[in-house]
Amino acid sequence: MWAARTAKVHRCLAAASVNLGRGSRLGVTMAKSKFEYVRDFEADDTCLPHCWVVVRLDGRNFHRFAEKHNFAKPNDSRALHLMTKCAQTVMGELEDIVIAYGQSDEYSFVFKRKSNWFKRRASKFMTLVASQFASSYVFYWRDFFEDQPLLYPPGFDGRVVVYPSNQTLKDYLSWRQADCHINNLYNTVFWALIQQSGLTPVQAQERLQGTLAADKNEILFSQFNINYNNEPLMYRKGTVLIWQKVDEVSTKEVKLPAEIEGTKMRVTRTRAKPLPLHCDIIGDAFWKEHPGILEEDS
Ligand SMILES: [Mg+2]
């Protein structure tokens, strides 16, 4: 009975349409099976129109991951560059990302306000960003960690947040950069106390309890001769990725005219690429220098 009905439904579907994948079908009448109603159980997760859509990824259990893979403390530049390579891949492969910001084991991707990619479905944005990022992390691992094998597959959680105005988006990015600063200042002192003064992690933690930013700067300067402001910008500010025009020079064989056939010529093409910056994005200067990022708001 069951098999017979299913076969009938299948014949009916086959007669009425040819499935081309991606939901498109050839055929005049769209046959619907009696099971079609289950579609209605799918949640509507369309992101609010005209809002900035932000996808933030965060490494799963990266404290352990960093330990197992011998990451340098307080910052491992290989790991940070790998994260940025993955984010560049995400921007290059997916559509409508105007800016990305990363620090530590997290990266945020901002989609255009007017993006209609996958009909603005949050789950599509989030899963495509997370899977593209995670596969890139494994794919490019060896380019950054030549002598360190990848011991197990890393994971990333994702979330989607929509921001209704340029100000809320800028405040979101400022919040992440302020977080980078707070954590990096703490970690810089914390690891100096351990690596250079021989404190245990618990002792270093106790030493820093209740200290303000000024106190931490003072410890770094007086005890370790470190001027925090001279620490690398990538560590203090994180990484901003924006589209910038780059001249690409390639050598191409030119066909015509006949007398110079086979001659190689240098061809310069201008292409937009997601390039990293390590600058302040909390103040207005960055946004004035790159007005194109927010301009579609007008
Ligand atoms: Mg994490």
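Residues numbered from 1 in each chain as written. Predicted model: local features only at pLDDT ≥ 70, side-chain atom pairs only at ≥ 80, totals over all residues. Heavy atoms only, no water.

Here is the rule: UniProt positions are given in the numbering used here, feature names are shortened, and annotations may be inferred rather than shown by experiment.
The protein has the name tRNA(His) guanylyltransferase in an unreviewed UniProt entry, where Castor canadensis is given as its organism. The UniProt entry for the protein carries this comment under Sequence similarities (unreviewed entry): "Belongs to the tRNA(His) guanylyltransferase family." Among the UniProt annotations of the protein, the heading Subunit (unreviewed entry) holds the following wording: "Homotetramer. Interacts with MFN1 and MFN2; functions as a guanyl-nucleotide exchange factor/GEF for MFN2 and also probably MFN1."

As for the environment of Val249
The criterion, for reference: The secondary structure listing takes helices from DSSP runs of H or I that are at least 4 residues long and strands from runs of E that are at least 2 residues long, numbered from the N terminus. The rule is simple: take the accessible area with a 1.4 Å probe, protein chains only, and divide by the maximum for that residue type; under 20% is buried, over 50% is exposed, in between is partly exposed. Contacts: residue pairs with any heavy atoms within 4.5 Å of one another.
Among the structural elements, Val249 can be located in strand β7 (residues 239–253). Residue class for Val249 comes out partly exposed when judged on its relative accessible area of 48%. Note: C-alpha distance between Val249 and Arg266 (17 residues apart in sequence) is 6.5 Å. Look past the residues within four positions of Val249 in its chain and what remains in contact with it is Arg266, Val267 and Thr268.

Brief notes about the coordination of the magnesium ion
Put simply, the test is: Metal sites are built from N, O and S donor atoms within 2.8 Å, or 3.2 Å for Na, K and Ca, and they leave out water, so they may look incomplete.
In the first shell of the magnesium ion, the protein supplies Asp58 (OD), Gly59 (O) and Asp105 (OD), at 2.2 to 2.6 Å from the metal. Mapping the donors of the magnesium ion onto the primary sequence gives the spacing D-G-x45-D. Residue Asp58 is classed as partly exposed on the basis of its relative accessible area, which comes to 23%.

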